[in-house]
Amino acid sequence: MKARESSLLPLEDAREAALFFVVGALCFLAALAALSAKSTYGAARAWTAEVEGEFTVSLSGADADAAAKAARLIAGLDGVDSARVFTDAEINALLAPNFGQSGLPADLPVPRLIAVTGEGDAEALGTRMSEALKEAGYDAAVDSHTEWAGDVRRMLGISRLIALSIVALLSATAIAVIAFATHAALLARRDIVDVLHVAGARDRFIASLFERRFWLLGLRAGTVGALVALATVAILIALGRSGAERSGLLPQLSLDFPDLAVLVVTPVIAGLAARIAAGITVMRSLKSVM
């Protein structure tokens, strides 16, 4: 049995070098897309968790003392953890990207800002703050960061769908390439297959030879692709640590246990996909052509 397998499908075939490269490249891209999607998802979840309980209260026409009183009023409401008035330096820092380091002219009124942290129902808490400030005579606007977090979650869902679509497309491409290569290999060895049929070999036995051949090819190519992806991520992590400080919203690649699990599973999935694609292709070709 081993002799037949060796003569029909040799362990090494120089003609399959291009197929090995294509499958390895597809596995590399699929692994990189999966790791990037995971990192983006983790960064967005961390960011939304930080801002979902935060509010910004804008007071028009209020001086520093009035803003401090408003902060104390807000801090006394149920569900509010803290309320802090932005200093002039902090407001100037917020305006610096648009107006430069000098900020706005001194005679131009700037609303006072209060940073509020709360818990519970954000919509209900925002309504209570607005009503309390209005009753106290303040011209205030309450901005809930939950709305921004909702936008991020929607974009997160779209990004995750796109990443999964890319992985599915790359997987389908690899399966199609392997199916085509299997059919070409079957036609190239048609005379040997005919001899095996005359000798009484069943289609399932012949298909198993191709399954093993392409299982090994997919496993090796997937391993190479996963290792290249691992090296790429390691280089990007090293460059990120040596570069400037990154924003918390931007994805930060890592190599924790789930990331390593993705890289370990990649060659196994590639081998199984190659094995299944080869087996189905051979069985259908033998029934329809041979």
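Details of the structure are given in the entry above.
Residues numbered from 1 in each chain as written. Predicted model: local features only at pLDDT ≥ 70, side-chain atom pairs only at ≥ 80, totals over all residues. Heavy atoms only, no water.

(A) Looking closely at the overall build of the protein. Secondary structure assignment for the protein yields nine helices and four strands. The order of α-helices and β-strands along the protein, N terminus first, is α-α-β-α-β-α-β-α-β-α-α-α-α. Here the protein, with 290 residues, has 35% of them falling under the buried criterion. Across the protein, every contact between residues at least 6 apart in sequence was considered, and the portion connecting residues at least 24 apart equals 86%. Of the accessible surface of the protein, which amounts to about 16,800 Å², a share of 63% is contributed by carbon and sulfur atoms. (Helix = DSSP H or I, 4+ residues; strand = E, 2+ residues; numbered from the N terminus. Buried < 20%, exposed > 50% of the residue type's maximum accessible area, 1.4 Å probe, protein only. Contact = heavy atoms within 4.5 Å. Areas by Shrake-Rupley, 256 points an atom, 1.4 Å probe, with all protein chains shown as cover.)

(B) Just the packing of aromatic side chains, in detail. On inspection of all chains with the given rule, the structure shows zero aromatic pairs. Cation over ring: R84 sits above F86, and NZ or CZ is 5.3 Å from the ring centre. (Phe/Tyr/Trp six-rings, centres within 6.5 Å; stacked < 30°, edge-to-face > 60°. Lys NZ or Arg CZ within 6 Å of the ring centre and 35° of its normal.)

(C) Representation of the pattern of salt bridges. Applying the stated criterion across every chain, the model contains two salt bridges. Here E211 makes a salt bridge to R204, at a shortest N to O gap of 2.3 Å. Overall, the relative accessible area of 12% leaves E211 in the buried class. Given the relative accessible area of 43%, R204 is considered partly exposed. (Salt bridge = Lys/Arg side-chain N within 4 Å of Asp/Glu carboxyl O.)

(D) Up close: the nonpolar core. Membership of the largest hydrophobic core comes to 25 residues, with the highest contact counts inside it found for L19, V23, I178, I206, F210 and F214. Those elements that provide at least two residues to this core are α2 (17-51), α6 (146-188), α7 (190-198), α8 (203-242) and α9 (257-288). Top element by residues in this core is α8. It accounts for eight residues. The residues contacting F214, other than those within four sequence positions of it, are E16, L19, I178, A181, T182, A274 and A278. L59, A62, V80 and L125 belong to the second-largest nonpolar core, a separate cluster that totals 18 residues. (Core = buried A, V, L, I, M, F, W, Y, C linked by side-chain atoms within 4.5 Å.)

(E) Quick look at the environment of S285. Mapped onto the elements of the fold, S285 is located in helix α9. The spacing of S285 and A207 is 78 residues in sequence and 10.0 Å in space, taken between C-alpha atoms.

(F) Layout of the environment of D259. Take D259: it is sitting in helix α9. Owing to a relative accessible area of 0%, D259 belongs among the buried residues under this scheme. Leave out the neighbours within four places in its chain, and D259 touches L35, K38 and S254.

(G) Quick look at the side chain of R112. Structurally, R112 can be placed in strand β3 (residues 112-118). Taking the relative accessible area as the measure of exposure, R112 reaches 17% and is therefore buried. Once residues within four sequence positions are removed from consideration, R112 is found in contact with V57, S58, L59, A62, D63, A64, A67 and D88.

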